[in-house]
Amino acid sequence: MKAIESSLKGIIEGEPHRLEVPFFQRKYVWKEENWQELLEALSNFKEEKVFWGSIIIKKISEMNLTDTYSRGYIIDGQQRLTTIALLTKAIYDTLTDDENGKKRAERVIENYIFFPPVSSALFEKGEYELIIEHSRVDKEEFETIMKAGLCGEKTLDIEYREDMPGGQIQKCYAYFRKKLMGISNEELLQMNNSLYGDEKVFVYILLDENDINEQVIFDSINRAGQKLFSSDIIKNNLFKKMMDLKMEANEVEKLCDKYWDGIFWTNNEEENIWDQQRQFGNIRKSHLDFLLYCVACIEWTEVEVKKINERLEQVYMEQTANYSMDEMRKLVKKIAVLALIYKKYIMDFGKDIEEECFSNEDVVKRLLLVMDKFKIQMFYPYVLKLLYDKVNKCDVMKQEMECDIDDVELKEKCFTLETYLMRRRICGVGTSTYSKECSQILKRDVKTLIASMSDEEIEEEDKKILQQIKCLKQSEVPKMVLFCIELTKWNENDDIGQLQYGYQLEHIMPQKWEEHWSLKAEENTFENKEKRKNAIYEIGNMLLLSQKLNGQIQNREFVVKVEGEEKIGKGGRKSKREGYRARTQLKLTKEIIDKYDAGDKVWDEEHIQKRTEKIGKDILKHWNARQIKYS
């Protein structure tokens, strides 16, 4: 390894002659703020000492029989070198017909955009080689711009707009053309001189082909500067590993296209769903980084989950160190299959969750609902493994995936996990142990989560559940409990077999109770007021409605909330503010209306207590830990 301070000219004039972007590297992604920063650095070049980052090149020993030049991979610096090349071409294309200035700029193009060993002799004949050869993702766009107007190629007329079509390379070139318009030839040539002068603005690291430290250097430099996603580094490692195993380059490219770029890459950076972020406590990860975390948990269960979470790239590198070609193929294919499962059953499901329909038999979907709404992330590796084992149909090229979510064994395991999670959530237990527990059940059966509890511990947890449902101030827990219990009351004999989750939680005795639910004078004590305030947050005082009651009757008396209220508007026109009676689709709601119609038109603390006790029995019957333990 050789590391020196260097000018751009010093890097380009030496060997290797051609600098290639490995096909598995990330595409060109720099944006307007990066381009503007380069222009500002050039404008202050004489006044301020500048540092433009690092360039890491690794020599390639293999040469094609027709090659007359040496080659090297750009390990780091792809974004910087590409941007400078595009700016150089934009300067050349902006110069007016000043013969002397044009010739000076042409010498820069010949020597620093097309490499010297062949360009000087062959440039006029149209036989020339670009110094930078992009990966297949950006190759066509980059070469079209760099060759435009030279050696018989057509010139380009591109107008920059923020929403212009095309990739970032074309946008970068158009941005520079727009910014350079109106600048004099002398200033443009001075910019060229600053770019290709003797000032040492880079740290240049040249690696031999057998140097094993390239990834360590690459990782550390990128962590100190612009942070790469873990997935960028893992992708780099996986496909470089295939190249190191002497797999044919075209086969590696096909694998990368099929199992990685075909799934995770899109032309529109803003619409790349895999780069979007998920929240994990105080940490945010991209969807792709989290998927790769899940894959690592599934594949390498002997590795501590803490290490997987904190040093994901290192785990992949260490665990694949001794993989064969066949094992590498299987791994990237498994990542692709798990990605399609993740997209369908986690990403897409979460996006449309309010419109999703559920029945009591939809155990897998119900578990996914619980995990999504309660933001329980760390059991997803186990759920993905369950679904992976039940794949019915998978077409990676078409990105089609179907798992048998009605499989009896799968439903049993998912219901066990749902029971564990719901009981803990009702009890208010934290989630800090979930990563380790997920790791454990990936090695053993999910039943161990409950089977490891003694009968006394289960009994204590039952008691705590019955206590906790008497004070539920956060809406998501009672809403989920009531929804799941509601589903148990429906079967194939009912007219409506499925329900959507998009219900509103309603407090029957309202939170603002003082005006219409006031206590009688003889009962108006501090103790009774506190009792009423507490009763409001018991689950027995809550129900689900398809939409909120009109604000005018939300806090009204029980009779009005049940029957609704007529409203007389302008011109004597009558309308109805609907109450519970008009919204009795759910059976838990209808039970209240039926008792009301039978003559029980009172709703007080005693009614709330009785309903809480009834729902409590339903909870313990549905999420029955003891039954799971001994089944």
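Below, the structure is looked at part by part. (Residues numbered from 1 in each chain as written. Predicted model: local features only at pLDDT ≥ 70, side-chain atom pairs only at ≥ 80, totals over all residues. Heavy atoms only, no water.)

**Describing helix 18 (residues 408-427)**
Taking 1.5 Å of rise per residue, 20 residues should cover 28 Å, and helix 18 covers 29 Å from first to last C-alpha, within 8% of that figure. Summarising burial for helix 18: 15 of the 20 residues are buried, a large majority. Directly after helix 18, the chain includes G428, whose backbone phi takes a positive value near 80°. (Helix = DSSP H or I, 4+ residues; strand = E, 2+ residues; numbered from the N terminus. Expected span 1.5 Å × (residues − 1). Buried < 20%, exposed > 50% of the residue type's maximum accessible area, 1.4 Å probe, protein only.)

**Here's the deal with the pattern of salt bridges**
Scanning all chains against the criterion turns up 48 salt bridges. Measuring nitrogen to oxygen at the nearest pair gives 2.8 Å for the salt bridge that ties K307 to E318. Here K307, found in helix 13 (residues 305-310), pairs with E318, found in helix 14 (residues 312-319); they are 11 residues apart in sequence, far enough to count as distant. The exposure class assigned to E318 is partly exposed, which follows from its relative accessible area of 38%. Among the charged side chains, a salt-bridge network with shared partners connects R18, E133, K139, E143 and K147. (Salt bridge = Lys/Arg side-chain N within 4 Å of Asp/Glu carboxyl O.)

**A closer look at the packing of helix 16 (residues 363-373) against helix 18**
It is at 8 Å that the axes of helix 16 and helix 18 come closest, and there the two elements cross at 30°. Judged by the inter-axis angle, helix 16 sits roughly parallel to helix 18. For the crossing formed where helix 16 meets helix 18, the hand is left-handed. Together, V363, V364, R366, L367, V370 and M371 of helix 16 and L410, K411, C414, F415, L417, E418, L421 and M422 of helix 18 make up the contact between the two elements. Tallied by class, the residues present in the contact of helix 16 with helix 18 amount to 11 nonpolar, no polar and 3 charged. (Axes fitted to C-alpha atoms, helices over the stretch in contact; angles between N-to-C directions. Parallel < 35°, antiparallel > 145°, perpendicular 65-115°, else oblique. Left-handed = near helix turned anticlockwise from the far one by under 90°. Contact = heavy atoms within 4.5 Å. Nonpolar A, V, L, I, M, F, W, Y, C, P; charged D, E, K, R; others polar.)

**Comments concerning the sheet that holds strand 3 (residues 54-60)**
The strand order across the open sheet built from 6 strands is 1-6-3-4-2-5, with neighbouring strands paired in mixed fashion. Since the sheet does not close on itself, it has two edges, and those belong to strand 1 (2-6) and strand 5 (132-133), each with one partner. Here strand 1 runs beside strand 6 (residues 202-207); their pairing, made up of 5 bridges, is antiparallel. When the sheet's bridge partners are listed, I4 is paired in strand 6 with Y204. Packed on one face of the sheet, helix 3 (residues 78-94) meets strand 2 (18-20), strand 3, strand 4 (71-76), strand 5 and strand 6 and runs near 110° to strand 4. (Pairing = 2+ DSSP bridges.)

**Structural notes on the side chain of D618**
Here D618 lies in helix 26 (residues 605-622). The residues touching D618, leaving out its near neighbours within four places in the chain, are I485 and K489.

**Examining helix 19 (residues 434-443)**
Among all positions in helix 19, only Y434, E437, C438, S439, I441 and L442 are buried. Residues of helix 19 that are buried in the fold lie against helix 12 (287-299), helix 13, helix 17 (380-388), helix 18 and helix 20 (448-451).

**Re the packing of aromatic side chains**
For the structure shown, the criterion picks out 20 aromatic pairs. Here the aromatic residues F239, W260, F264, W274, F290, Y293, Y342 and Y380 are joined through ring pairs into a cluster of three or more. Its end group placed over the ring of F358, K365 keeps NZ or CZ at 5.5 Å from the ring centre. (Phe/Tyr/Trp six-rings, centres within 6.5 Å; stacked < 30°, edge-to-face > 60°. Lys NZ or Arg CZ within 6 Å of the ring centre and 35° of its normal.)

**Considering the nonpolar core**
Core analysis: the largest hydrophobic core is formed by 112 residues, its most contacted members being L238, L291, Y316 and F379. A total of 15 residues in this core trace back to one element, the largest contributor, which is helix 15 (residues 325-351). Filtering out sequence-adjacent residues up to four positions away, F379 remains in contact with M371, L417, Y420, L421, Y434, E437, C438, I441 and L449. In this structure, L38, I109, C172 and F176 belong to the second largest nonpolar core, which totals 58 residues. (Core = buried A, V, L, I, M, F, W, Y, C linked by side-chain atoms within 4.5 Å.)

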